[in-house]
Amino acid sequence: MTFVIPFPAIDPILFQFGPIAIRWYALAYIAGLLIGWRYMRIMAVQAPIVCRPEDIDDFLVWVMLGVVLGGRLGYVLFYNFDYYAANPAAILQVWRGGMSFHGGFIGVAVM
C-alpha cells in the first residue's frame, strides 16, 4: 500500500472585482518587495553605516522595475517565445500569461 499526499486544489485568484483579479502570487511579489524594503531600511541605520535610508527608497524603484520587466520578459523568452515572436503586441497583455521568477532575478541583477 502506498501513501499518497493529495495535491491541494488552491485557486490562484484570491478575489476578483469584475475583470480585475488579485492573485496569490501578486501578493507574494508585493510582500517580498515590502518586507525586503523595510528590512533594508532597518539595516541602513545600523553600524557600519554604508548608505542612507533614502538610498534604499531609490533602490526599491529599480528593484521593482527589474522584477516586473525582467519577470515578464523572462516569461516571454523562456516559456512561449514562438507565440510572442509572432504576436509582439501580446507581450503587453499581462493578463494572458505571467511572469517568471528567474526572469525577475535576472532583471534585478541587470538593473
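Structure: above.
1. Quick word on helix α2 (residues 53–79)
Taking 1.5 Å as the rise per residue, α2 with 27 residues should run 39 Å; its terminal C-alpha atoms sit 38 Å apart, in good agreement. Listed in full, the buried residues belonging to α2 are P53, I56, L60, V63, G66, V67, G70, G71, R72, G74 and V76. Where α2 is buried, its residues contact α1 (24–44), α3 (81–86) and α4 (101–110).

2. Some points on the packing of aromatic side chains
Going through the model one piece at a time under the given rule, you end up with 5 aromatic pairs. Residues Y75 and Y84 carry aromatic rings whose centres are separated by 6.3 Å and whose planes lie at 70° to one another, so their mutual orientation is edge-to-face. Pairing Y83 with Y84 gives two aromatic rings, centres 5.1 Å apart and planes at 75°, and the pair type is edge-to-face. Overall, Y83 belongs to the partly exposed group, its relative accessible area being 34%. Here a set of aromatic residues connected by ring pairs shows up, and it is made of Y75, Y79, Y83 and Y84.

3. A short note on the packing of α1 against α2
Two quantities define a packed helix pair, namely the angle between the axes and the distance from one axis to the other. Packing of α1 against α2 leaves a shortest axis separation of 9 Å and a crossing angle of 155°. Between α1 and α2, the angle is such that the two are roughly antiparallel. Seen from above, α1 lies across α2 with right-handed handedness. Where α1 approaches α2, its residues Y29, L33, W37, M40, R41 and A44 are matched on the opposing element by P53, E54, I56, D57, F59, L60, V63, M64 and V67. When its residues are assigned to classes, the contact of α1 with α2 shows 12 nonpolar, no polar and 3 charged.

4. Considerations on the pairing of strand β1 (residues 13–17)
Judged from the 4 bridges that link them, β1 and strand β2 (residues 20–23) form a sheet pairing that is antiparallel. Directly across from F15, in β2, lies its bridge partner I22. Hairpin connection of β1 to β2: 2 residues between the antiparallel strands, including G18 at a positive phi of 60°.

5. Examining the packing of α2 against α4
Contact geometry for α2 and α4: axes closest at 6 Å, N-to-C directions at 135°. By the angle class used here, α2 and α4 are oblique. The handedness of the crossing between α2 and α4 comes out as right-handed. Of the residues in α4, those in contact with V63, G66, V67, G70, G71, G74, F78 and Y79 of α2 are H102, G103, G104, I106, G107 and V108.

6. Comments concerning the layout of surface pockets
Here the largest pocket defines a volume of roughly 700 Å³. Taken together, 27 residues form the lining of the largest pocket, with Y25, A26, V94, W95 and M99 sitting closest to its centre. Contributions of two or more residues to the lining of the largest pocket are made by β1, β2, α1 and α2. Of the residues contributing to the lining of the largest pocket, the split by class is 22 nonpolar, 3 polar and 2 charged. Taken as a whole, the second largest pocket holds about 180 Å³ of empty space. Its residues assigned to classes, the lining of the second largest pocket comprises 7 nonpolar, 3 polar and no charged.

Scoring rules and cut-offs
Residues numbered from 1 in each chain as written. Predicted model: local features only at pLDDT ≥ 70, side-chain atom pairs only at ≥ 80, totals over all residues. Heavy atoms only, no water. Helix = DSSP H or I, 4+ residues; strand = E, 2+ residues; numbered from the N terminus. Expected span 1.5 Å × (residues − 1). Buried < 20%, exposed > 50% of the residue type's maximum accessible area, 1.4 Å probe, protein only. Contact = heavy atoms within 4.5 Å. Phe/Tyr/Trp six-rings, centres within 6.5 Å; stacked < 30°, edge-to-face > 60°. Axes fitted to C-alpha atoms, helices over the stretch in contact; angles between N-to-C directions. Parallel < 35°, antiparallel > 145°, perpendicular 65-115°, else oblique. Left-handed = near helix turned anticlockwise from the far one by under 90°. Nonpolar A, V, L, I, M, F, W, Y, C, P; charged D, E, K, R; others polar. Pairing = 2+ DSSP bridges. 1 Å grid on protein atoms, 1.4 Å probe; cavity = no way out; pocket = protein on both sides within 12 Å on 5 of 7 lines; lining within 4 Å. Points joined across faces, edges and corners; volume = space filled by probe spheres on them.

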